[in-house]
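# Descriptive structure summary
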2 protein chains.
Amino acid sequence: MAPAGSALHTPMMRNHTTATPDGLATVPLLDLLANRFSASDFDPHHELDAAAVDVLLDAARRAPSAGNSQPWSFIAGRRGDRVHDALVRHLAPSTRMWAPRAALLIANLAHRYIDTDTAGGTEELIEYSEFAHYDLGQAVAHLTVQAASMGLSVHQFRAFDRDAVAAEFEVPTTWEVVTMAAIGYPHGDSPRVPAGGHASSTADRRSVADVTWAAAAHGF
Amino acid sequence: MAPAGSALHTPMMRNHTTATPDGLATVPLLDLLANRFSASDFDPHHELDAAAVDVLLDAARRAPSAGNSQPWSFIAGRRGDRVHDALVRHLAPSTRMWAPRAALLIANLAHRYIDTDTAGGTEELIEYSEFAHYDLGQAVAHLTVQAASMGLSVHQFRAFDRDAVAAEFEVPTTWEVVTMAAIGYPHGDSPRVPAGGHASSTADRRSVADVTWAAAAHGF
């Protein structure tokens, strides 16, 4: 943990609006970010059309990446199609209780190593980008913000069989299935705990002061 | 690269709006995402106040993370303060030509290993989260979206001395300085190439079809 508090940078948060010392509200936090949450259950009757999936992936692909390396790819299945069926088969039992109810399941892939056929046939794996995970995280985050603007919740998870998904979709060893996401309308009864809220321990966030490196404690 | 094209999921992009087959526009891509870009130069007279920095970090801290692990911390320096001066000293020569002109420099830290004092005194480094980089990427992405809403551009980079920044700010070995970001108003003459645009090779993006895993090619 970073030491808390910095004399140079004193957080001045007030609800979702940052206020100046004289009380004038200045810069609002985007509602999209303030109200975003990961639904714990989804409306099992809601469906997404292909065009909506496209716009989500369009948001993802536009994310920044190191040297514009774009080290991401996505396996997207809509409830009822064969891709969705296959993804569901490889969910962990705990995840299988809720994730299939979402209209969309996506497996998020990172380009970890240079593809062998472009590396001159060597069998040694050469890192594609040291930022492959970091940039995949950025892409999924951009998708998440777009989803929020469409009233959709994105719940990312790790509880699935990575190797089975990779085998099922013939993912080469140079790519890694990193996470999955369930995307859809939240179920009416599911908890709606916004990011940074305090209603649930899992939604608690470290404060702005706590995520700000305490430079003052180190002589600054 | 993922094989292109999928019979199950045919991209139907039209500018920034996704259209249904009958031509009705349905879901727009957020302007914040469509118009975002990484400025190559910044307005050297623009300043950000502490409240604006707070709201950027507030956006970052609200990002989702694996098990709500929040494996991130930020060293933020505003042009003219001692943190900024110290960060500038450790930029690579190529970066030092433009990044110090931004109103704000942030070093982005990932929590890679469990802190020794919470691990029972063992000297062996135990991974804090396998998603530390991924989640830091998400946090910086959320900050980037908030910045866009404030008219600010975020330009992330790697061209700095990680070890020197870590030493300067006494970052423990359990944390890693992963990236830095320059944040401010774009300079009037700097290229304004939106994400996914085609005016610059560095802004080119793989298409929606290309980032969608071609399930059809694998029997789906």
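Small disclaimer: the values here were computed from a predicted structure and weren't measured.

## Regarding the overall build of chain A
The secondary structure content of chain A amounts to seven helices and seven strands. Across chain A, helices and strands are ordered from the amino to the carboxyl terminus as β-β-β-α-α-β-α-α-β-α-β-α-β-α. Out of the 220 residues belonging to chain A, those deemed buried represent 59%. A separation of at least 24 residues holds for 73% of the contacts in chain A among residues at least 6 apart in sequence. Only carbon and sulfur atoms are counted for the fraction: they give 52% of the accessible area of chain A, which is about 8,700 Å².

## Some thoughts on the sheet that holds strand β7 (residues 175-184) of chain B
Residues and elements named next belong to chain B. Within the open sheet, the four strands sit side by side as β4-β5-β7-β6. Their pairing is antiparallel. Where the open sheet ends on each side, the last strands, each with one partner, are β4 (72-78) and β6 (153-157). Taking the axes of each pair of neighbouring strands and ignoring which way they run, one obtains an average angle of 25° across the sheet. On the sheet, helix α2 (residues 50-61) packs against β4, β5 (104-111) and β7 and is oriented at approximately 165° with respect to β4.

## Looking at the pairing of β4 of chain B
All names here are of chain B. Within β4, six of the seven residues are buried, leaving the element largely enclosed by the surrounding structure. When β4 meets β5, the two strands line up antiparallel, connected through seven bridges. The partner of Ala76 across the bridge, within β5, is Ile106.

## Structural notes on the sheet that holds strand β6 (residues 153-157) of chain A
All names here are of chain A. Here we have four strands laid out as an open sheet, ordered β4-β5-β7-β6, and antiparallel in their pairing. Unpaired on one side and paired on the other, β4 (72-78) and β6 mark the two borders of the sheet. The mean inter-strand angle of the sheet, taken between neighbouring strand axes irrespective of direction, is 25°. Bridge count for β6 against strand β7 (residues 175-184) is five bridges, and the pairing is antiparallel. The residue bridging Phe157 from the neighbouring strand is Met180, located in β7. Contacting β4, β5 (104-111) and β7, helix α3 (residues 82-89) crosses the sheet at an angle of about 100° to β4.

## Quick notes on the packing of aromatic side chains
Residues and elements named next belong to chain A. In this structure the tally under the stated criterion is 12 aromatic pairs over all chains. Where Phe157 meets Phe160, the ring centres are 6.2 Å apart and the plane angle is 85°; that geometry is what we call edge-to-face. Phe160 matches Phe157 in its accessibility class, with the two residues each being buried. These aromatic residues form a ring-pair network of at least three members: Phe42, Trp98, Phe157 and Phe160. Over the ring of Phe160 we find Arg158; its NZ or CZ atom is 5.5 Å from the centre of that ring.

## Things to note about the nonpolar core
One finds Phe74 and Ile183 of chain A together with Leu56, Phe74 and Ile183 of chain B to be the most contacted residues of the largest nonpolar core, which totals 77 residues. Excluding residues within four positions of it along the chain, Phe74 of chain A makes contact with Leu57, Ala60, Ile106, Ala107, Asn108, Leu136, Ala139 and Val140 of chain A together with Val211, Thr212 and Trp213 of chain B. Of all hydrophobic cores here, the second largest spans 28 residues; its members include Leu105, Ala107 and Leu109 of chain A together with Trp213 of chain B.

## Regarding α2 of chain B
Working note: α-helix, 3.6 residues per turn, so residues spaced by three or four point in the same direction. All names here are of chain B. Taking 1.5 Å of rise per residue, 12 residues should cover 16 Å, and α2 covers 16 Å from first to last C-alpha, within 8% of that figure. Counting buried residues in α2 gives 12 out of 12 residues, a clear majority hidden from the surface. For α2, the set of buried residues is Ala50, Ala51, Ala52, Val53, Asp54, Val55, Leu56, Leu57, Asp58, Ala59, Ala60 and Arg61.

## Some details on the confidence of the model for chain A
Residues and elements named next belong to chain A. Looking at chain A as a whole, the pLDDT averages 84, with 78% of positions reaching at least 70. Note that residues 18-24 has pLDDT below 50 and, in this model, 17 contacts with residues that lie over four places away or in other chains. Low pLDDT, under 50, characterises residues 196-202; the predicted model gives this stretch 10 contacts beyond four residues in sequence or across chains. Both scores are given for the predicted complex: the pTM is 0.85, the ipTM 0.85.

## Here we look at helix α5 (residues 132-149) of chain B
Residues and elements named next belong to chain B. The terminal C-alpha atoms of α5 lie 26 Å apart, and with 18 residues this matches the ideal 26 Å at 1.5 Å per residue to within 8%. Of all 18 residues in α5, 16 are buried, a share of seventy percent or more. The positive-phi residue at the C-terminal boundary of α5 is Gly151, with phi of around 80°.

## Let's talk about the side chain of Asp41 of chain B
Within the element layout of this structure, Asp41 of chain B appears in the loop between α1 (31-34) and α2. Of note is the side chain of Asp41 of chain B, whose polar atom sits 2.8 Å from the side chain of Arg101 of chain B.

## Concerning the packing of helix α2 (residues 50-61) of chain A against helix α5 (residues 132-149) of chain A
Residues and elements named next belong to chain A. The geometry of α2 relative to α5 is characterised by a closest axis approach of 7 Å and an angle of 140° between their N-to-C directions. Between α2 and α5, the crossing angle belongs to the class labelled oblique. For the pair α2 and α5, the sense of crossing is right-handed. Judged by residue contacts, Val55, Leu56, Leu57, Ala59 and Ala60 of α2 engage Ala139, His142, Leu143, Gln146 and Ala147 from α5. Class assignment of the residues belonging to the contact of α2 with α5 gives a composition of eight nonpolar, two polar and no charged.

How each quantity is defined
Residues numbered from 1 in each chain as written. Chains lettered and ligands numbered in written order. Predicted model: local features only at pLDDT ≥ 70, side-chain atom pairs only at ≥ 80, totals over all residues. Heavy atoms only, no water. Helix = DSSP H or I, 4+ residues; strand = E, 2+ residues; numbered from the N terminus. Buried < 20%, exposed > 50% of the residue type's maximum accessible area, 1.4 Å probe, protein only. Contact = heavy atoms within 4.5 Å. Areas by Shrake-Rupley, 256 points an atom, 1.4 Å probe, with all protein chains shown as cover. Pairing = 2+ DSSP bridges. Axes fitted to C-alpha atoms, helices over the stretch in contact; angles between N-to-C directions. Phe/Tyr/Trp six-rings, centres within 6.5 Å; stacked < 30°, edge-to-face > 60°. Lys NZ or Arg CZ within 6 Å of the ring centre and 35° of its normal. Core = buried A, V, L, I, M, F, W, Y, C linked by side-chain atoms within 4.5 Å. Expected span 1.5 Å × (residues − 1). pLDDT = per-residue confidence, 0-100. Polar contact = N/O pair within 3.5 Å; in protein donor to acceptor, adjacent residues only side chain to side chain. Parallel < 35°, antiparallel > 145°, perpendicular 65-115°, else oblique. Left-handed = near helix turned anticlockwise from the far one by under 90°. Nonpolar A, V, L, I, M, F, W, Y, C, P; charged D, E, K, R; others polar.

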